[in-house]
Amino acid sequence: LNPISAFQNRLKDRIKTLASNRVLTPEDEERLQQAKEALAVTFGLEADRPGDIRRQIAKIAHALETGSFDARAFYPEDGARYSAEQLYLNTKVLDLVNIAEAERLDYRYQQEPNVFFGIRKTYFGLPFNTLHINALVMAAFFLAGVVLLHLCLRRQLTKV
């Protein structure tokens, strides 16, 4: 995992943690807004050399920790040649994060949305850990394959 993706993942975790609370204090709301802006800024960072992007990431991290992050300070300058988006961008994951955030804020939902990358999923009104559900599905497919293989081999042996 490259340093920019690792930083973006930490930002997404921070956003997810802050956004998991339905009621936010004004300070938490500001930290959430700063984290979302920082995530957007990291995809648009530009510099003359790839190493300069890492330094900008360090500045963003420091500004977030001190609560003094201002996205305008990180707007690209004219003539920059490399951008973080050009180097490392997974638009599908970004789209999923944006959809999840939009669903979280949608007033029409009476319960938590069942998003793909959620930590917990709700089935039949009960919360389940996504990791456990995924493991259960993989085990079911594995067992179905073993049973199918057993039936096919048994059939082949009875023919001989």
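Residues numbered from 1 in each chain as written. Predicted model: local features only at pLDDT ≥ 70, side-chain atom pairs only at ≥ 80, totals over all residues. Heavy atoms only, no water.

## A word on helix α1 (residues 3–19)
- Given a rise of 1.5 Å per residue, 17 residues ought to cover 24 Å, and the 24 Å separating the end C-alpha atoms of α1 matches this to within 8%.
- When we look at burial in α1, the residues that qualify are I4, S5, F7, Q8, L11, K12, I15, L18 and A19. Down the axis of α1, the smallest arc covering the buried residues is 160°, so these residues share one side. Turned more than 90 degrees away from the buried face of α1 sit R10 and T17, all of them exposed. (Helix = DSSP H or I, 4+ residues; strand = E, 2+ residues; numbered from the N terminus. Expected span 1.5 Å × (residues − 1). Buried < 20%, exposed > 50% of the residue type's maximum accessible area, 1.4 Å probe, protein only. Arc of directions from axis to C-beta.)

## Looking at the confidence of the model for the protein chain
- Here the protein chain averages 78 in pLDDT, while 76% of its residues score no lower than 70.
- Per-element confidence in the protein chain ranges from a low mean pLDDT of 51 for strand β2 (residues 82–83) to a high of 93 for helix α6 (residues 130–159). (pLDDT = per-residue confidence, 0-100.)

## Details of the packing of aromatic side chains
- Applying the stated criterion to the full structure yields one aromatic pair.
- An angle of 40° between the planes, with centres 6.3 Å apart, marks the rings of Y123 and F128 as tilted.
- The exposure class assigned to Y123 is partly exposed, which follows from its relative accessible area of 31%. (Phe/Tyr/Trp six-rings, centres within 6.5 Å; stacked < 30°, edge-to-face > 60°.)

## Overview of the packing of helix α2 (residues 26–44) against helix α3 (residues 50–66)
- Running from amino to carboxyl end, α2 crosses α3 at an angle of 175°, the nearest separation of the two axes being 11 Å. In terms of axis orientation, α2 runs roughly antiparallel to α3. Contacts from Q34, A35, A38, V41 and T42 in α2 reach I57, I60 and L64 in α3.
- Here the contact of α2 with α3 is built from residues that sort into six nonpolar, two polar and no charged. (Axes fitted to C-alpha atoms, helices over the stretch in contact; angles between N-to-C directions. Parallel < 35°, antiparallel > 145°, perpendicular 65-115°, else oblique. Contact = heavy atoms within 4.5 Å. Nonpolar A, V, L, I, M, F, W, Y, C, P; charged D, E, K, R; others polar.)

## Observations regarding the nonpolar core
- By size, the foremost hydrophobic cluster in this structure holds 24 residues, and its most contacted members are V41, L45, I60, L64 and F69.
- Beyond its immediate chain neighbours, meaning those up to four positions away, I60 contacts F7, A38, V41, T42, L45, F69 and F74. (Core = buried A, V, L, I, M, F, W, Y, C linked by side-chain atoms within 4.5 Å.)

## Concerning a nonpolar patch on the surface
- Side chains of Y123, F124, L126 and F128 sit close together on the surface and give an oily, nonpolar patch of about 460 Å² of accessible area.
- Mapped onto the secondary structure, F124 falls in the loop between β3 (120–123) and β4 (126–129). (Patch = residues over 30% accessible without salt bridge, like charges linked within 9 Å, V, L, I, M, F, W, Y side chains within 5 Å. Areas by Shrake-Rupley, 256 points an atom, 1.4 Å probe, with all protein chains shown as cover. Salt bridge = Lys/Arg side-chain N within 4 Å of Asp/Glu carboxyl O.)

## As for the pairing of β4
- Direction of pairing for β3 relative to β4: antiparallel, over a ladder of four bridges. Within β4, the residue paired with Y123 across the bridge is L126.
- Between the end of β3 and the start of β4, which pair antiparallel, lie two residues, with F124 showing a positive phi angle near 55°. (Pairing = 2+ DSSP bridges.)

## A look at the environment of I57
- For I57, the location among the structural elements is in helix α3.
- What makes I57 buried here is its relative accessible area of 8%.
- Along the chain, I57 and I4 lie 53 residues apart, while their C-alpha atoms are 7.3 Å from each other.
- The contacts of I57, once residues within four sequence positions are left out, are I4, F7, T42 and L45.

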